[in-house]
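# Notes for the structure review
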Amino acid sequence: MTNINFKRRQFLQYAALGTLSTVIPGFAIAENRIINKTPNSAFNADIEIALTAQTADVPILPGAHTHVFKYTGKLLKGPQNALKELPGYLGPILNFEQGQKVRIFFHNQLTEPCVTHWHGMHVPQIMDGHPMYAIHQGEQYVYEFEVKNPAGTNWYHSHTHELTATQVYQGLAGLITITDEAERKLDLPSGEYDIPLVIQDRSFTHGNQLRYLMNMHQRMRGFLGDTLLVNGQSDHTIPVKTRAYRLRILNGSNSRIYKLAWSDGTPVTAIGTDGALLAKPETLPYVMLGPAERVELWADFSGRKPGSELTLQSLPYQGSAAHMGGGMGRGMHGGRGGMGMMDGAASQSDKDTIVRFSVTEQVSDSPKLPDTLVPIHRLTVKDVSAPNSVVPITIGMRHMAFNLNGRTFEMQNYMEREKIPVNTVQRIKISHDNRAMGGGMRGGRGGGMGMMMTLPHPIHIHGQQFQILSRKQNNPGGAYDTVKDGFINSGWKDTVLVMPGEEVEIIKPFKDYTGLFLYHCHNLEHEDMGMMRNFFVS
Ligand code: C2O
Ligand code: CU
Ligand code: CU
């Protein structure tokens, strides 16, 4: 742990968010920065957007406005629907088409460094928002990339060194949608019937300001707020007609994991995962959604009575350490202030309302759920370039910090085992052997440390989407039974929730682009404490 890290953590225990900025450096290497300052005239952009990270005061709760960080956008060139503003603190939704060339002029107007990452997108290293490309207040970074991804729901967010958690928490995130030919043929619900739902948890002071107070214990676990927001608003109710909708759900929370289910027990029908539509719809009793994961649902309100309501909930589950402390405040706001806030903030073991759908209008026709969606080439070991070599991602913990492959983040360094030949397909084994993890942490520093070994970790890899080959659980039954039916293993993914005791094998292509590409835990507190590494693709 460096000195700066230490001071920063000390500081975080006491500080209110608004004052963080002047004290904390967001650069590990302030010198020799490479910044893509100017547009490349040979790159013929179809879409040009000016995107600015700045402060703003927005209404979230009744009463005083909340001081936030916010991406504001302006469409400079391209189709009118390429950018859609949302009320609240989230950045505009960026709507792209496969094949489009996109140029984004990113401006930082914050008093702290900032860099923006296009989560889920397959772009070159210098366009990917690696923390080494952070810019200062007043600077500009020009992102240029061709949209290679298929239709799906991605997102963008800050990725600043040791500041990702606080910057995303304060608002620096937004959605990206992509369409393509194959999707258009399906005639899925669109326009007002295509609803984005970004789920985030926050805590507020009595004056409606964001609160991020944490002791070391809470930092190890990750931030859990007591108020659920959807698209930056609380107590969200969406009026719907008696027909089918497409719901694009992003878990944009720092560390909270949701077990999504319908309040009346209707099974959940998924049509897409992180990076793309599925080959065919999948029906599950509930869906587990870790930070950064996306799921697209087919929600059919046909046959429901006007005046009725259906609620998307998060159900209780085990297999997570966050069982201690008070529950989420009833009615979502009830728990604010007091001890519930300081310790345990909110457990993940309560049932909570995420969003209500209230049926307001009877209509006579509805699109039908297609039997098949888009073709997916199912990757198998046969597709792997070197079938006998497996790239390890081993989850570990040492000196009060989580790590990957035994090491914490180093800005531009990588180990031998993190070298990946470009244009290959790799088999990667992510292991979370909580039995092996105890070294040094066992032996009664309170229940706290043992608890830490039982945390799930949402592991994310930059670049191309991957597929899940297998999941093995070395500790089946019990807690695992409360989550195991909520994983969708058939689609394209860029983030996978790895439960304690699990070993998840994935297959991932590393095509087209060389350079440093991050892999990390998307529990943002874990990421900022160094649970992040580089792959060097060459
Ligand atoms: Cu969503 Cu490396 O990030
Ligand atoms: Cu990413
Ligand atoms: Cu983690």
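Let me sum up the structure you'll find in this document. For every chain, the first residue of the written sequence is number 1, and numbering continues from 1 along that sequence. Chain letters and ligand numbers both follow the written order, the letters beginning at A and the numbers at 1. Totals for whole chains, interfaces and linings use all residues, but because this is a predicted model, local features are given only for residues with pLDDT of at least 70 and pairs of side-chain atoms are given and counted only at 80 or more. Here the side-chain values reflect all heavy atoms present in the structure, with hydrogen atoms and water set aside.

This paragraph deals with the overall build of the chain. A run of H or I in DSSP becomes a helix once it reaches four residues, and a run of E becomes a strand once it reaches two; helices and strands are each numbered from the N terminus. When you go through the chain residue by residue, the secondary structure sums to 7 helices and 30 strands. When a residue's accessible area, from a 1.4 Å probe over protein chains only, is under 20% of the maximum for its type it is buried; when over 50% it is exposed; and in between it is partly exposed. Expressed as a percentage of the 538 residues in the chain, the buried residues total 62%. Any pair of residues with heavy atoms lying within 4.5 Å of one another is described as a contacting pair. Put simply, of all contacts in the chain between residues at least 6 apart along the chain, 80% involve residues at least 24 apart. The accessible surface values rely on the Shrake-Rupley method and a 1.4 Å probe; as for residues, cover is taken only from the protein chains in view. In the structure as shown, the chain presents an accessible area of about 19500 Å², 51% of it carried by carbon and sulfur atoms.

The next subject is the pairing of strand β29 (residues 515-521). Of all 7 residues in β29, 7 are buried; the element is thus mostly enclosed. As paired elements, β29 and strand β30 (residues 532-537) share 6 bridges and run antiparallel to each other. Counterpart to Leu 516 in the pairing with β30 is Phe 536. Between any two strands, at least two bridges found by DSSP are needed for them to pair.

Now for the coordination of the copper ion (ligand 2). Each metal site lists N, O and S donors within 2.8 Å (3.2 Å for Na, K and Ca). With water left out of the atoms, a site can look as if it is missing ligands. Only His 117 (NE2) and His 460 (NE2) from the protein coordinate the copper ion (ligand 2), and they sit 1.9 Å from it. Placement of His 117 in strand β6 (residues 116-119) and of His 460 in strand β25 (residues 457-461) is noted, with a sequence separation of 343 residues between them. As far as burial versus exposure is concerned, His 117 and His 460 are alike and both buried.

Classification of ring pairs rests on two measures: the distance between centres of Phe, Tyr or Trp rings, Trp counted by its six-membered ring, which must be within 6.5 Å, and the angle between planes, read as stacked under 30 degrees, edge-to-face over 60 and tilted in between. Under the criterion given, the structure shown has 21 aromatic pairs. Pairing Phe 96 with Phe 145 gives two aromatic rings, centres 6.4 Å apart and planes at 75°, and the pair type is edge-to-face. Linking Phe 96 in strand β4 (residues 93-97) with Phe 145 in strand β7 (residues 140-146), this pair joins segments that are 49 residues apart in sequence. Both residues of the pair, Phe 96 and Phe 145, count as buried. Considering the side-chain rings of Tyr 480 and Phe 487, the 6.4 Å spacing of their centres and the 25° angle between planes classify their relative orientation as stacked. One aromatic cluster is present, formed by Tyr 71, Phe 96, Phe 106, Trp 118, Tyr 133, Tyr 141, Tyr 143, Phe 145 and Tyr 156 through successive ring pairs. Across from the ring centre of Phe 510, 4.0 Å away, lies the NZ or CZ of Lys 508, which sits over that ring. The criterion is that NZ of a Lys, or CZ of an Arg, lies within 6 Å of the ring centre and within 35 degrees of the ring normal, and then a charge sits over that ring.

Turning our eyes to something else, we now look at the nonpolar core. As a rule of thumb, soluble globular proteins bury nonpolar side chains together. Core analysis: the largest hydrophobic core is formed by 46 residues, its most contacted members being Leu 197, Leu 247, Ile 249, Leu 260, Val 295 and Phe 357. When residues of this core are assigned to domains, at least three map to each of domain 2 (191-361) and domain 3 (381-537). If you look at the next biggest cluster of nonpolar residues, it comprises 38 residues, including Val 102, Phe 106, Tyr 143 and Tyr 156. The nonpolar core is taken to be a set of buried Ala, Val, Leu, Ile, Met, Phe, Trp, Tyr and Cys residues, with the residues joined through side-chain atoms within 4.5 Å. Each domain span listed reflects an automatic or database assignment of domains.

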